[in-house]
Amino acid sequence: AFRVPPKVVSYAHEIVPPSYTGLATTYETKPSFTIVRGSEVRFGVAFNENPTAARIVFENDLAPVDLQADPADPRQWLVDLGPVARGFGYRLDVADNYGTFSLADEPQQVVVIPDRPPTIQLVKNNSKEIKTRSETLKFDLAAKDDFGLS
């Protein structure tokens, strides 16, 4: 008899950006997604039936990561990937009582956007003023950052 492996019915990834960005926690429902470097990712996937095992197999030099079944719903599988520093391609492998199956012909992608450094620009230069050592030279600066300044 021909056996159909468990199939993904939904994704539910919790993404917590670094606190300094001021960005809110988001939830991604697609297999491929984009995050800010350093975001913490809780990877979640639901299957149409209960697998016996599930793992993320990375397309680079990262070791595979096993997902854990949610005790409240054994079709929902989760793993905390922690802070993600670089992008990666991945596929899911699942197992049931009949064997292990790869669920994707093409790898999915997690794209990581780097935080660009702030820029500072001198707006007004009072270099023609003459000051003594005990006096303060004042000048105006403009600063920009992709996530804001504090």
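Look above for the structure.
Computed from a predicted model, the values in this text were never measured in an experiment.

(A) Molecular detail of the pairing of strand β9 (residues 73-83). Note: strand β5 (residues 40-47) against β9, seven bridges, orientation antiparallel. When the sheet's bridge partners are listed, Phe43 is paired in β9 with Val79. Relative to β9, strand β8 (residues 68-70) is paired through three bridges, and the arrangement is antiparallel. Considered in β9, the bridge of Asp70 is made with Asp73. What sits between the antiparallel neighbours β8 and β9 is a turn of two residues.

(B) Inspection of a nonpolar patch on the surface at higher detail. Together, Ile120, Leu122, Phe139 and Leu141 make up a nonpolar patch on the protein surface, roughly 420 Å² of accessible area in all. Considering the arrangement of structural elements, one finds Ile120 in strand β13 (residues 119-124). Overall, Ile120 belongs to the exposed group, its relative accessible area being 64%.

(C) Structural view of the nonpolar core. Counting residues in each nonpolar core, the largest one holds 21 residues, and the members touching the most others are Ile35, Phe43, Val45, Ile56, Leu67, Tyr90 and Leu92. At the level of secondary structure, the elements contributing two or more residues to this core comprise β4 (33-36), β5, β6 (53-58), β9, β10 (88-96) and β12 (108-113).

(D) Representation of the side chain of Ser39 within the structure. Mapped onto the secondary structure, Ser39 falls in the loop between β4 and β5. Side-chain polar atoms of Ser39 contact the backbone oxygen of Val36, separated by 2.7 Å. Non-local contacts of Ser39, meaning those with residues more than four positions away in its chain, are made with Ile15, Val16, Pro17, Pro18, Gly82, Pro83 and Val84.

(E) Quick look at the packing of aromatic side chains. Counted under the stated rule, the structure contains four aromatic pairs. On the basis of an interplanar angle of 90 degrees and a centroid distance of 5.4 Å, the ring pair of Phe43 and Tyr90 is categorised as edge-to-face. One end of the pair, Phe43, is in strand β5; the other, Tyr90, is in strand β10, and 47 residues separate them in sequence. Connected via pairs of aromatic rings, a cluster forms that spans Tyr11, Phe43, Phe58, Phe88 and Tyr90.

(F) View of the environment of Ala54. Here Ala54 lies in strand β6. The class of Ala54 is buried, set by a relative accessible area of 5%. Taking the C-alpha atoms as reference points, Ala54 and Pro83, separated by 29 residues in sequence, lie 21 Å from one another. Once residues within four sequence positions are removed from consideration, Ala54 is found in contact with Phe47, Val65, Asp66, Leu67, Trp77, Asp93 and Val94.

Calculation rules
Residues numbered from 1 in each chain as written. Predicted model: local features only at pLDDT ≥ 70, side-chain atom pairs only at ≥ 80, totals over all residues. Heavy atoms only, no water. Pairing = 2+ DSSP bridges. Helix = DSSP H or I, 4+ residues; strand = E, 2+ residues; numbered from the N terminus. Patch = residues over 30% accessible without salt bridge, like charges linked within 9 Å, V, L, I, M, F, W, Y side chains within 5 Å. Areas by Shrake-Rupley, 256 points an atom, 1.4 Å probe, with all protein chains shown as cover. Salt bridge = Lys/Arg side-chain N within 4 Å of Asp/Glu carboxyl O. Buried < 20%, exposed > 50% of the residue type's maximum accessible area, 1.4 Å probe, protein only. Core = buried A, V, L, I, M, F, W, Y, C linked by side-chain atoms within 4.5 Å. Polar contact = N/O pair within 3.5 Å; in protein donor to acceptor, adjacent residues only side chain to side chain. Contact = heavy atoms within 4.5 Å. Phe/Tyr/Trp six-rings, centres within 6.5 Å; stacked < 30°, edge-to-face > 60°.

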